[in-house]
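Chain by chain, the residues run as shown.
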Amino acid sequence: MWKGKSKAIISDFEDIHRIITYRHLLSQNLGVKDPLRVVALCDSDAFYAACEQVRLGLDPALPLVVQQWDSLIAVNYPARKYGITRMEKISEAKRKCPELVVVHVATYKEGEAEPSYWENPDTLTHKVSLDHYRRESMKIIQMFKDGLPTAEIEKASIDEAFIDFTRPVRDEILKRYPYLAQVPPDAPNGLDSPLPPPPPICWDNLGTVIPAHPNEEQLDGSSTTEPQEDVGASETGAVDGDDSSTTWHDVALSVAAEFMMNVRHEVYAKLGYTLSAGIARNKFLAKLTASYKKPNNQSVLRDVAIPNYLTPMPFQKIRFLGGKLGKALAQEYDVSTVGDLLTISLDEMQRKFGENSIWVYEILRGIDRSEVKEKSAVNKSMLASKNLLHPVTKPSQGHHWIRVLAAELALRLNEARENIPALWPKTIVLHVRHGYDSSRSKQAAFPFTRNVTVDVIAAAGDKLWKELVGTDSSRSTPISITSVQLSFTGIELAETGQRNIEGFLKARPPVSGDQSSAAAGSTKRKRDEREFSEPPFVQLAAEDVREDVKVSETSARVETSFVCKRCGKRVALSDVDASAEDAIARDMLAALRMEHEDFHFAQELAGQSEDVSAPRKIRPSDTPVTKRKVPKVKEGIARFFTQR
Ligand code: CTP
Ligand code: CA
Ligand code: CA
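Attention here is on the structure that accompanies the text. (Residues numbered from 1 in each chain as written. Chains lettered and ligands numbered in written order. Predicted model: local features only at pLDDT ≥ 70, side-chain atom pairs only at ≥ 80, totals over all residues. Heavy atoms only, no water.)

Concerning the coordination of the calcium ion (ligand 3)
Reasoning step 1: Every protein donor of the calcium ion (ligand 3) is accounted for by D43 (OD), D159 (OD) and E160 (OE), and the metal-donor separations fall at 2.2 to 2.5 Å.
Reasoning step 2: Positions of the donor residues of the calcium ion (ligand 3) along the chain correspond to the pattern D-x115-D-E.
Reasoning step 3: Distance-wise, the calcium ion (ligand 2) is placed 3.5 Å from the calcium ion (ligand 3), both being coordinated by D43. With respect to burial, D159 and E160 carry one shared label: buried. (Donors = N, O, S within 2.8 Å, 3.2 Å for Na, K, Ca; no water. Buried < 20%, exposed > 50% of the residue type's maximum accessible area, 1.4 Å probe, protein only.)

Below is the structure:
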């Protein structure tokens, strides 16, 4: 079916059929334009479920689900064999599989500094904790970093990371084929001469190679669930049997696949987690490739296989095109697959969807110029939130939730400080939602404190609560608070090693004397002779202060809105959507966040400088946050992305 078409479309994919020269190979800084670029996306299989299976030391073959109140938030692969999905109620899942292992996610309870696996957690008194999963996620990322010291690694979500293999792979190619390091004297164009033909590649044990011509291949669709029989052992080798098409980029992919395989084996051996990975020439393709075959598998998308991999794909399945834009494209042209859209010329697309639709045009052709870049722990925020099934109706009821949320923030900050001891949240923000339509927030400077305890945070939170909500006696109008969020924002590095705490605090007055003396004690031990001579904050490189669009994973699971850290705007589900049950609201919010991120993505690609990309400004204290502001009239493609 695709055969006839493939000739016609191959020219669309020309960008990926570039001749690789000595200059390409020997240049170090070609960035996203590097024709030898190799990127992987690595995603943990049934992540929360795997975390619980490992924590409890259970047999990975047992069907297991993770429960949150009476919904499911993770279903392992053995449980999926019974037809159990994440959208189900616990009772339904148990009916399908009576021997199902059910683990309720850990929760915080007032008065406890740490979350725990309580007997009968109740949404009316407890709060979900994803801390264990976050910690396990950090361990996996750390193993990637240790195993691949020269690769760039970007954590993309709680269980995913992009790995840019370009540098380690180039080093390895030069090591294996040292003759490539010198341009031969008889090369016709010096550095710009093409490299000699690549060696044949043995793809055995490197994962599943996506066939270039799927209709001609016999695909083995079975999936491996036994980690022991990992990928390599049961995988097919050179699927195409067509070595004439082998390129140096394929060599690069195969080297990356080898590295990836080793790292995955190590993560399994040391931590017990199976991972699925996609290896391709950019982030977009790596992500698509990762889901080619799951679980416990890695797939490789060779350049030659890109056209036939992309063309039959329903384009609305592509992350960037899942929202309004995808719908509009489908309607405008009455089409459904990527291949259908390839017939639309760039001119035509730009006429209907604006200049910026060039990124759609490119994505459809497998082109993605976004970088893999590690996000700094600095300048992030930490947010703990709780949706209240039974709204708070008296100001005095707030203290319970402030303490529960403070416990989560304390734990997360102190854990982050294990790696970066001088992390300091400059601001604490309390955010409450009344009913479904109005939200208010108030913030205050957070004192630099070496020992940030639940009590310290709760005291600051209580103070904000009093200012924002009042007290039982001061409050005359009735209240109905449906959500409480406590967050740290503007997390920076206080460079305690270079300045003593007194000088430091002059720049920023402490709120409480106790805290400053505690801080002074520990700082004095560390200070060096240059005290007073340095600014209190480490100057951050421009890329370190880059904002991270994702809000805390915790809030995402239970919230109905989020604040985009890129534009500072609150993006919320509609009232109807927000009142859906937790699991559904969670999915809808995830979709909304993606759509919003895609909006920024589109903006970024288009290099536009609309106000949305302006640096975030912290809202003045006590400003009511109105949801669903009327957006500015947007031009071109931007109107297809959520910017509320
Ligand atoms: N998650 C969630 N709510 C969602 C989506 C994801 O709570 N709407 C959690 C899941 O519990 C999951 C983790 O985030 O364990 C990672 O999500 P994802 O990778 O989408 O699913 P997995 O459960 O890891 O399954 P898969 O093997 O398909 O990746
Ligand atoms: Ca996953
Ligand atoms: Ca994932």
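From this point on, the discussion continues.
Considerations on helix 14 (residues 346–353)
Reasoning step 1: Within helix 14, the full set of buried residues consists of E348, M349, Q350 and F353.
Reasoning step 2: Phi turns positive one or two residues past the end of helix 14, at G354, with a value near 95°. (Helix = DSSP H or I, 4+ residues; strand = E, 2+ residues; numbered from the N terminus.)

Considerations on the coordination of the calcium ion (ligand 2)
Reasoning step 1: Taken together, the protein donors to the calcium ion (ligand 2) comprise D43 (OD), S44 (O) and D159 (OD), at separations of 2.1 to 2.3 Å.
Reasoning step 2: Each donor residue of the calcium ion (ligand 2) lies on the same chain, and together they follow the pattern D-S-x114-D.

Focus on the sheet that holds strand 4 (residues 101–104)
Reasoning step 1: Spatial ordering of the open sheet is given by 3-2-4, a layout of 3 strands whose pairing is mixed. Two strands bound the open sheet, and with one partner strand each, they are strand 3 (71–75) and strand 4. Averaged over neighbouring strand pairs, the angle between their axes works out to 35° when direction is ignored.
Reasoning step 2: In terms of strand pairing, strand 2 (residues 64–68) meets strand 4 through 4 bridges, oriented parallel. Within strand 4, the residue paired with V66 across the bridge is V103.
Reasoning step 3: Each of strand 2, strand 3 and strand 4 is contacted by helix 3 (residues 47–55), which is oriented at about 110° to strand 2, the strand it contacts most. (Pairing = 2+ DSSP bridges. Axes fitted to C-alpha atoms, helices over the stretch in contact; angles between N-to-C directions. Contact = heavy atoms within 4.5 Å.)

Points about the pattern of salt bridges
Reasoning step 1: If you walk through the whole model with that rule in mind, you get 30 salt bridges.
Reasoning step 2: In this structure, E374 and K145 form a salt bridge, with 2.8 Å as the shortest nitrogen-oxygen distance. Of the two residues, E374 is situated in the loop between helix 15 (358–363) and strand 12 (382–392) and K145 in helix 6 (residues 131–147); the sequence distance between them amounts to 229 residues.
Reasoning step 3: Residue K145 is classed as partly exposed on the basis of its relative accessible area of 28%.
Reasoning step 4: A salt bridge links E172 to K175; its shortest N-O distance comes to 3.7 Å. Of this pair, E172 and K175 both sit in helix 7 (residues 166–176), separated by 3 residues, roughly a single helical turn. (Salt bridge = Lys/Arg side-chain N within 4 Å of Asp/Glu carboxyl O.)

With respect to the pairing of strand 15 (residues 481–493)
Reasoning step 1: Among the 13 residues in strand 15, 12 count as buried, and that is most of the element.
Reasoning step 2: Relative to strand 15, strand 13 (residues 423–434) runs antiparallel, the two being bridged by 11 bridges. Its bridge partner being in strand 15, V432 is matched across the sheet by V484.

Looking at the packing of aromatic side chains
Reasoning step 1: Evaluated as defined, the whole model comprises 10 aromatic pairs.
Reasoning step 2: Centroid distance Y177 to W248: 5.4 Å. Interplanar angle 75°. Geometry classified as edge-to-face. Highlighted residues: Y177 in the loop between helix 7 and strand 9 (208–209) and W248 in helix 9 (residues 248–271), separated in sequence by 71 residues.
Reasoning step 3: Take Y177: its relative accessible area is 17%, and that puts it in the buried class.
Reasoning step 4: Positioned over the ring face of Y117 is R55, at 3.4 Å from the centre of the ring. (Phe/Tyr/Trp six-rings, centres within 6.5 Å; stacked < 30°, edge-to-face > 60°. Lys NZ or Arg CZ within 6 Å of the ring centre and 35° of its normal.)

A look at the sheet that holds strand 11 (residues 298–300)
Reasoning step 1: Spatially, 7-8-1-10-11-9 is the arrangement adopted by the 6 strands of the open sheet, whose pairing is mixed. Two strands close off the open sheet at either side, each with one partner strand: strand 7 (152–157) and strand 9.
Reasoning step 2: Of the pairings in the sheet, the one linking strand 1 (residues 39–44) to strand 10 (residues 275–280) comprises 6 bridges and is antiparallel in character. Among the inter-strand pairings, C42 is bridged to a residue of strand 10, identified as A277.
Reasoning step 3: Each of strand 1, strand 8 (160–164), strand 10 and strand 11 touches helix 9; the most contacted strand, strand 10, lies at about 165° to it.

Some details on the packing of helix 6 against helix 9
When two helices pack together, their arrangement is captured by the angle between the axes and the distance separating the axes.
Reasoning step 1: Between helix 6 and helix 9, whose axes approach to 10 Å, the crossing angle comes to 135°. One finds that helix 6 runs oblique with respect to helix 9. Handedness of the helix 6/helix 9 crossing: right-handed. Contacts from K139, I140, M143 and F144 in helix 6 reach V263, E266, V267, K270 and L271 in helix 9.
Reasoning step 2: Of the residues that constitute the contact of helix 6 with helix 9, the class distribution is 6 nonpolar, no polar and 3 charged. (Parallel < 35°, antiparallel > 145°, perpendicular 65-115°, else oblique. Left-handed = near helix turned anticlockwise from the far one by under 90°. Nonpolar A, V, L, I, M, F, W, Y, C, P; charged D, E, K, R; others polar.)

Thoughts on helix 17 (residues 454–469)
Reasoning step 1: Taking 1.5 Å of rise per residue, 16 residues should cover 22 Å, and helix 17 covers 21 Å from first to last C-alpha, within 8% of that figure.
Reasoning step 2: G470 sits one or two residues past helix 17 and shows a positive phi near 95°. (Expected span 1.5 Å × (residues − 1).)

Quick look at the packing of helix 3 against helix 6
Reasoning step 1: Viewed as axis vectors pointing N to C, helix 3 and helix 6 meet at an angle of 90°, and their least axial separation amounts to 10 Å. For the element pair helix 3 / helix 6, the angle class is roughly perpendicular. Contacts from F47, Y48, C51, E52 and R55 of helix 3 reach helix 6 at H132, Y133, E136, S137 and I140.
Reasoning step 2: When grouped by side-chain class, the residues that make up the contact of helix 3 with helix 6 number 5 nonpolar, 2 polar and 3 charged.

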